[in-house]
Amino acid sequence: MLRILQLILYLLLSANLFAQMPFLELKKKAEAYDVALNKLRKKNHNHRELPAIDFFLFGMGNRKKMIYKNGSLIDALNGNTLFQWTINKELIIPSEYTVYIKTKEEKEVIIFENEKGVFLKEGKKQQALAQSNLNLPEFKGNSFAPVLKVLHHEILINIINGKPVPNFFVYQKPWYRDATLMAMVLKKTNNLRLIKDWIMGIRDPFDRNNHGISEADNPGQVLFLISLVGNAQHTVVKTVLDSLQQFIKHSNEGAYIEGKTDYALHPVFQTKWIKYGLNSLHIADSFNIPKVYDSYSSLFWWHYKEAHVEGKRFDEGSGIDYPYLVWAEDHFFNEHKGYVGDRSYPLSWEANASDANYPGMKIVDERYVSLKLSPPHTWHAAEMFLLLIEQNH
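This structure is a prediction, so every number in the text was calculated from the model and none was measured. (Residues numbered from 1 in each chain as written. Predicted model: local features only at pLDDT ≥ 70, side-chain atom pairs only at ≥ 80, totals over all residues. Heavy atoms only, no water.)

Asks: Explanation requested: the overall build of the protein chain in the structure shown.
Replies: From N to C terminus, the protein chain includes eleven helices and 17 strands. By the compact-globule yardstick of 21 Å for 393 residues, the protein chain fits well, its C-alpha radius of gyration being 23 Å. C-alpha atoms of the protein chain, sized along the principal axes, occupy 100 × 40 × 40 Å. A burial count over the protein chain gives 56% of its 393 residues as buried. If you take every contact in the protein chain between residues at least 6 apart in sequence, the share linking residues at least 24 apart comes to 64%. (Helix = DSSP H or I, 4+ residues; strand = E, 2+ residues; numbered from the N terminus. Rg over C-alpha atoms; globule rule 2.2 N^0.38 Å. Buried < 20%, exposed > 50% of the residue type's maximum accessible area, 1.4 Å probe, protein only. Contact = heavy atoms within 4.5 Å.)

Set out below in structure tokens:
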């Protein structure tokens, strides 16, 4: 009789443990993510306090965009509530693209996203909320692997209808500058096909996003983007080459490019971009990078590093509002000044940008609107990703 009671007790305990397994496993993953994130915060001493807003975005790539917050799953484009639960326990695990809920009725709900789609599991019932194929690497062997997974997510979440945008809540159009960094990440993770049609459809050498200005770095960025999925025979290439005439300047060292980028002259940055774009498509390059100080020179960290004149660096204000500037500078100088937020998600942001439509953030939380803050942001996420995947320590 005693043995039977012991067996019954064992079975009951085992059943209870089994019921807790998803939560326990996810909690372990959340803890591993916190360890990696805290390691990054110790490495980079500059931190930014962000609003205490708990939410998570679902719908990477061209999938349906959804927001989870406060027990509700919401359509991120129109604000309609898709599902709602009364919460007893909640756990958001950004690195697993998962939200775990235990309702007040003791029902277990798991919303998760993987390479196949977005899924909702309630008890034993599971349904697909969005489906398409993605590559979602684990980044095994990298000490920042969980952080890289979240940064990758923050880039993929901002691909909408095949277009790579900085933040789909506040920007309707892609920016070529941001898109090039996104594309570098997508190439590394074998996801370039997600934006291939958009790239192949480019016909204008300029995105004209800064108050309609034809920015001089754009032509080089377009050529580079074309090189990732096409070749020099693409229709826009001739248009790009023709557009350069308005920017060509001459010095004793030879021809270079100079025009407006972010409302200022950045000849070193702009000439680096056109050289890189031309060389990416194997087109003859006759430009010489001018030997002058340019604050944007350090943003171009992957090539022509020797063509740089030292001068004033980006200040604290730039790092707080436009953190991608300092992260890029870190990559150039091998430093660790890039700002890291104090929240587990999102990891990237931009603030006080002149052309961002911040009321678009209201669907997530009105506090973002008043602060003129738009997390996540793809240029920031991409700069962090590309530096951390390279450093791996």
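So, next bit.
Asks: I tried to follow the pattern of salt bridges on my own but got confused; where do I start?
Replies: Opposite charge on two side chains lets them pair, provided their charged atoms get close. In this structure the tally under the stated criterion is 20 salt bridges. The partner of Arg177 in a salt bridge is Asp217, with the nearest N and O atoms 2.7 Å apart. Separated by 40 residues along the polypeptide, Arg177 in helix α3 (residues 176-188) and Asp217 in the loop between α4 (193-200) and α5 (218-229) bring together distant segments of the chain. Residue Arg177 shares its accessibility class with Asp217, and that shared class is buried. Ionic pairing is found between Glu335 and Arg313, a salt bridge with its closest N-O pair at 3.1 Å. Of the two residues, Glu335 is situated in the loop between α9 (323-333) and β17 (340-341) and Arg313 in the loop between α7 (267-280) and α8 (316-321); the sequence distance between them amounts to 22 residues. The network of salt bridges with shared partners includes Arg177, Glu215, Asp217 and Asp262. (Salt bridge = Lys/Arg side-chain N within 4 Å of Asp/Glu carboxyl O.)

Asks: Looking at this structure, how should I read the packing of α4 against α5?
Replies: Relative placement of two packed helices is described by the angle separating their axes and the distance separating the axes. Direction vectors running N to C along α4 and α5 enclose 125 degrees, while the axes themselves pass 10 Å from each other. When the axis of α4 is compared with that of α5, the two are oblique. With respect to the hand of their crossing, α4 and α5 are arranged in left-handed fashion. Residues Lys196, Trp198, Ile199 and Met200 of α4 form the contact with α5, whose own contacting residues are Leu225, Ile226 and Val229. Per-class residue counts for the contact of α4 with α5 are six nonpolar, no polar and one charged. (Axes fitted to C-alpha atoms, helices over the stretch in contact; angles between N-to-C directions. Parallel < 35°, antiparallel > 145°, perpendicular 65-115°, else oblique. Left-handed = near helix turned anticlockwise from the far one by under 90°. Nonpolar A, V, L, I, M, F, W, Y, C, P; charged D, E, K, R; others polar.)

Asks: Whenever I open this one, the sheet that holds strand β9 (residues 117-122) confuses me. Can you help?
Replies: In space, the five strands of this open sheet follow the order β6-β7-β8-β9-β10, with antiparallel pairing throughout. The open sheet has two edge strands with one neighbour each: β6 (87-93) and β10 (125-131). Averaged over all neighbouring strand pairs, the angle between strand axes comes to 10 degrees, with direction disregarded. Here β9 runs beside β10; their pairing, made up of six bridges, is antiparallel. By the bridge assignment, Leu120 is partnered in β10 with Gln127. (Pairing = 2+ DSSP bridges.)

Asks: Teacher, can you tell me more about the packing of α3 against α5 here?
Replies: α5 packs onto α3 with a crossing angle of 25 degrees between their chain directions and a minimal axis gap of 9 Å. Relative to α5, the element α3 is oriented roughly parallel. Viewed along their axes, α3 and α5 form a crossing whose handedness is left-handed. Contact residues: Tyr176, Arg177, Ala179, Thr180, Ala183, Met184 and Lys187 in α3; Asn218, Gln221, Val222, Phe224, Leu225 and Leu228 in α5. Classifying every residue of the contact of α3 with α5 by side-chain character gives eight nonpolar, three polar and two charged.

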